[in-house]
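Overview (structure and organization)
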Amino acid sequence: MRQEKSKSIYSKDVVLVMIASFLFMFGTMFNNPLINGYAESLGASSILAGVIVGIMSFAAMFLRPIAGNLTDKFSKYQLSFIGGVLIFVGIVGYIISPNGELLLLFRMINGTGFVLCTVCMTTWIAFLVPRQHVGAAMGLYGLMNALAMSVAPAISINLYKVIGYRQAMMLPAVATLIMIIIIQFVSNHAVPKPREREKKQFKLISVNALPVALLTTCFGLPYFVTQADIVTYVAKMHMPVAVGSFFLIYALVLLLIRTLLKNYFDTVRFGVWFWLSLVATAFYLVVLAYMNNNWMMALAAAGLAVGYGLIYSVLQSTALLLSPANEQGLGSSTFYLGLDVGMAFGPMLAGVVAKVLPGRWFYLVQLIVVPLALIVYLVWRKRLNGAIDNH
């Protein structure tokens, strides 16, 4: 029963799941910048290496609905445990793979575990806290994810140059193993009520959360382009900036703003966050286009933190608030489906833009997401702003 759950978002169970969420995200995001080069070092062609890099995101788009429906039927602990084991097996598989073909297989195993963990742990956190604190909980959960997504690539890029691909990949394997151990100490396994499981029918998406998925794609596209291509972009444009600090600044600013605003996520309506993030997104894209020093780079990183970093948690909690109590897993999977689309297609579209347009246009053309996000918001603004009333 809802009233039986802890009223504090800082209960032992919540803290343990938060730590576990950081570790599984770290374990997966650590390897993302390395997979392409590692695949080619194993003899894979550039085409196969590209497939290996992208297969996890494309597989996730098809697996999300399945994960969402499973999450609403089974224990969040059980599915998170299975997901953690699959991630661990996938990473160990990377380390021992002798060729690109096996690497592709283990990449898919890793991706399956990643899908289960993202959907299940988000729903697990929402299950553990009172509904009126879902926004604050998702803010903290999103911060753990965002920190892992920024810290892990920064460590991996520097570490593999010193000790090599295989040795570097042992670190995310250990992180994932610790995650599997940590969730054993969570008391509340978030088991759905038998009546809810029996009534649950398979659905591809949560229709109520569809606008959230669309907005997640709009804000996610330039973020994942930046994550994948900013180093190449700076080198191509011969910019005198320390680009290695970009995501460190992003993480620090994100930590600051989420700490300062943590008490407002459950009381401020969606539109306020949307307009703030939309303006910040336009700002950082323009700054990146004309960047020529470290101060401008820092401003762009801060803009990204206010734009994508802030709206990420708001969209995540909004998807849960818009979904019925027995479809929290489906609502979460719908949110992540929007993220998968941005992660899969953003870098692909950016590659086309880089080939056909001058360098300065690389980020300016991404401003197209601003009017697209605005259209989505205006069409569904009543539903989105009303989500806060569902606490």
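Check the entry above for the structure.
Everything in this summary refers to the structure shown in the same document. If you're wondering where the values come from, they're calculated on a predicted model, not measured in any experiment.

A closer look at the overall build of the protein chain
Summing up its helical and strand segments, the protein chain has 16 helices and 0 strands in all. Against the 2.2 N^0.38 benchmark of 21 Å for 391 residues, the protein chain shows a C-alpha radius of gyration of 20 Å, consistent with a compact globule. Projecting the C-alpha coordinates of the protein chain onto the three principal axes gives extents of approximately 60 × 45 × 35 Å. Residues classed as buried in the protein chain amount to 55% of the 391 residues present. Across the protein chain, contacts joining residues at least 24 apart in sequence account for 87% of those joining residues at least 6 apart. Working note: accessible area of the protein chain is about 16000 Å², and carbon and sulfur atoms make up 71% of it. Once the 26 positive and 12 negative side-chain charges of the protein chain are each reduced to a mean point, those two points are 4 Å apart.

Things to note about empty space enclosed by the protein
Tallied over the full model, the rule gives 2 cavities of 30 Å³ or more. For the largest cavity, the calculated volume is near 100 Å³. Every element with two or more residues in the lining of the largest cavity is listed here: α12 (270-289), α13 (294-322) and α16 (369-386). The leading source of residues in the lining of the largest cavity is α13, at 4 residues. Of the residues that constitute the lining of the largest cavity, the class distribution is 9 nonpolar, 4 polar and 1 charged.

Here we look at helix α3 (residues 46-71)
Under the 1.5 Å per step criterion, the end-to-end length of α3 is 37 Å for 26 residues, consistent within 8% with the ideal 38 Å. Where α3 begins, the capping side chain belongs to Ser45, and its oxygen is found 3.1 Å from the backbone nitrogen of Leu48.

Side note on the layout of surface pockets
A probe as big as a water molecule, rolled over the atoms, marks out the empty space that is left. If you add up the space inside the largest pocket, you get close to 1200 Å³. Surrounding the largest pocket, 38 residues form its lining, Asn32, Pro33, Gln227, Ala228 and Asp229 being those nearest its centre. For the lining of the largest pocket, the elements supplying multiple residues, two or more each, are α2 (32-41), α3, α6 (134-163), α10 (210-236) and α14 (328-356). Considering each element in turn, the lining of the largest pocket owes the most residues, 8 residues, to α6.

Considering the packing of helix α5 (residues 100-128) against α14
The geometry of α5 relative to α14 is characterised by a closest axis approach of 9 Å and an angle of 130 degrees between their N-to-C directions. Looking at the two axes, α5 sits oblique to α14. When you trace α5 past α14, the crossing you get is right-handed. Here Thr118, Val119, Thr122, Thr123 and Ala126 of α5 lie close against α14, whose contacting residues are Gln328, Gly329, Ser332, Ser333 and Tyr336. Residue classes in the contact of α5 with α14 are distributed as 3 nonpolar, 7 polar and no charged.

Quick notes on the pattern of salt bridges
The final tally for this structure, using the stated rule, is 2 salt bridges. Between Asp13 and Lys12 there is a salt bridge, with the nearest N and O atoms lying 3.9 Å from each other. Between Arg64 and Asp340 there is a salt bridge, with the nearest N and O atoms lying 2.5 Å from each other. With Arg64 in helix α3 and Asp340 in helix α14, this residue pair connects regions lying 276 residues apart in the sequence. Owing to a relative accessible area of 1%, Arg64 belongs among the buried residues under this scheme.

Focus on the nonpolar core
By size, the foremost hydrophobic cluster in this structure holds 128 residues, and its most contacted members are Tyr250 and Tyr308. Of all the elements, α13 adds the most residues to this core, at 15 residues. With residues near it in sequence (within four places) discarded, Tyr308 still touches Met149, Phe219, Gly220, Tyr223, Phe224, Tyr250, Thr281 and Leu339.

A look at the packing of aromatic side chains
One pass over the full model with this rule turns up 26 aromatic pairs. Between Tyr160 and Tyr165 the ring centres are 4.7 Å apart and the planes differ by 20 degrees, which places this aromatic pair in the stacked class. Each member of the aromatic cluster is reached from another via a ring pair, and the members are Tyr223, Phe224, Phe246, Phe247, Tyr250, Tyr308, Tyr312, Phe335 and Tyr336.

A few points about the packing of α10 against α16
Two elements in contact, α10 and α16, have axes separated by 9 Å at closest approach and are oriented at 155 degrees. Taken together, the axis directions place α10 and α16 in an arrangement best described as roughly antiparallel. With respect to the hand of their crossing, α10 and α16 are arranged in left-handed fashion. Listed contacts from α16 to Pro211, Val212, Leu214, Leu215, Cys218, Phe219, Leu221 and Pro222 of α10 are Val369, Leu372, Ala373, Val376, Tyr377, Trp380, Arg383 and Leu384. Classifying every residue of the contact of α10 with α16 by side-chain character gives 15 nonpolar, no polar and 1 charged.

Thresholds, definitions, all that
- Residue numbering note: each chain is counted from 1, following its sequence as written.
- Reporting in this predicted model follows two pLDDT cut-offs: at least 70 for local features of residues, and 80 or more for side-chain atom pairs to be given and counted; totals over whole chains, interfaces and linings ignore these cut-offs and use all residues.
- As a convention, hydrogens and water are excluded, and side-chain values are obtained from all of the structure's heavy atoms.
- Only DSSP runs of H or I covering at least 4 residues are called helices, and only runs of E covering at least 2 are called strands; the numbering of each starts at the N terminus.
- Each radius of gyration is computed over the set of C-alpha atoms, and the globule rule expresses the reference value as 2.2 Å times the number of residues to the power 0.38.
- Buried residues are those whose accessible area, probed at 1.4 Å on protein chains only, stays under 20% of the maximum for their type, while exposed residues exceed 50% and partly exposed ones sit between those limits.
- Note on definitions: a residue-residue contact is assigned when non-hydrogen atoms from the two residues lie within 4.5 Å.
- In short, Shrake-Rupley with a 1.4 Å probe defines the accessible areas, and a residue's cover is counted only from the protein chains shown.
- In this charge count, Lys and Arg are treated as positive and Asp and Glu as negative; neither His nor the chain ends contribute.
- Here the site of a charge means atom NZ of a Lys, CZ of an Arg, CG of an Asp or CD of a Glu.
- The distinction between a cavity and a pocket rests on a 1 Å grid over the protein atoms alone: a 1.4 Å probe fits inside a cavity but cannot get out, while a pocket stays open yet meets protein on both sides within 12 Å along at least five of seven lines, and a residue with an atom within 4 Å of a point counts as lining.
- Grid points are joined across faces, edges and corners, and a volume is the space filled by probe spheres set on the points.
- Note on residue classes: Ala, Val, Leu, Ile, Met, Phe, Trp, Tyr, Cys and Pro are nonpolar, Asp, Glu, Lys and Arg are charged, and everything else, Gly too, is polar.
- Here the expected span of a helix is defined as 1.5 Å times the quantity of residues minus one.
- Polar contact is the term for a pair of N or O atoms within 3.5 Å; when the atoms are in protein, one must be able to donate a hydrogen and the other to accept it, and sequence-neighboring residues count only if both atoms are side-chain atoms.
- As a rule, the C-alpha atoms of each element are fitted with a line to give its axis, helices using only the stretch in contact, and angles between N-to-C directions run from 0 to 180 degrees.
- What sets the label is the angle itself: under 35 degrees gives roughly parallel, over 145 gives roughly antiparallel, 65 to 115 gives roughly perpendicular, and the rest give oblique.
- Crossing handedness is read from the near helix: turned anticlockwise from the far helix by less than a right angle, it gives a left-handed crossing, and turned clockwise, a right-handed one.
- What makes a salt bridge here is a side-chain nitrogen of Lys or Arg within 4 Å of a carboxyl oxygen of Asp or Glu, nothing more.
- Residues belong to one nonpolar core when they are buried, are Ala, Val, Leu, Ile, Met, Phe, Trp, Tyr or Cys, and are joined through side-chain atoms within 4.5 Å.
- Pairing of aromatic rings covers Phe, Tyr and Trp, the last counted by its six-membered ring, and requires centre-to-centre distances within 6.5 Å; plane angles under 30 degrees mean stacked, over 60 mean edge-to-face, and any other angle means tilted.

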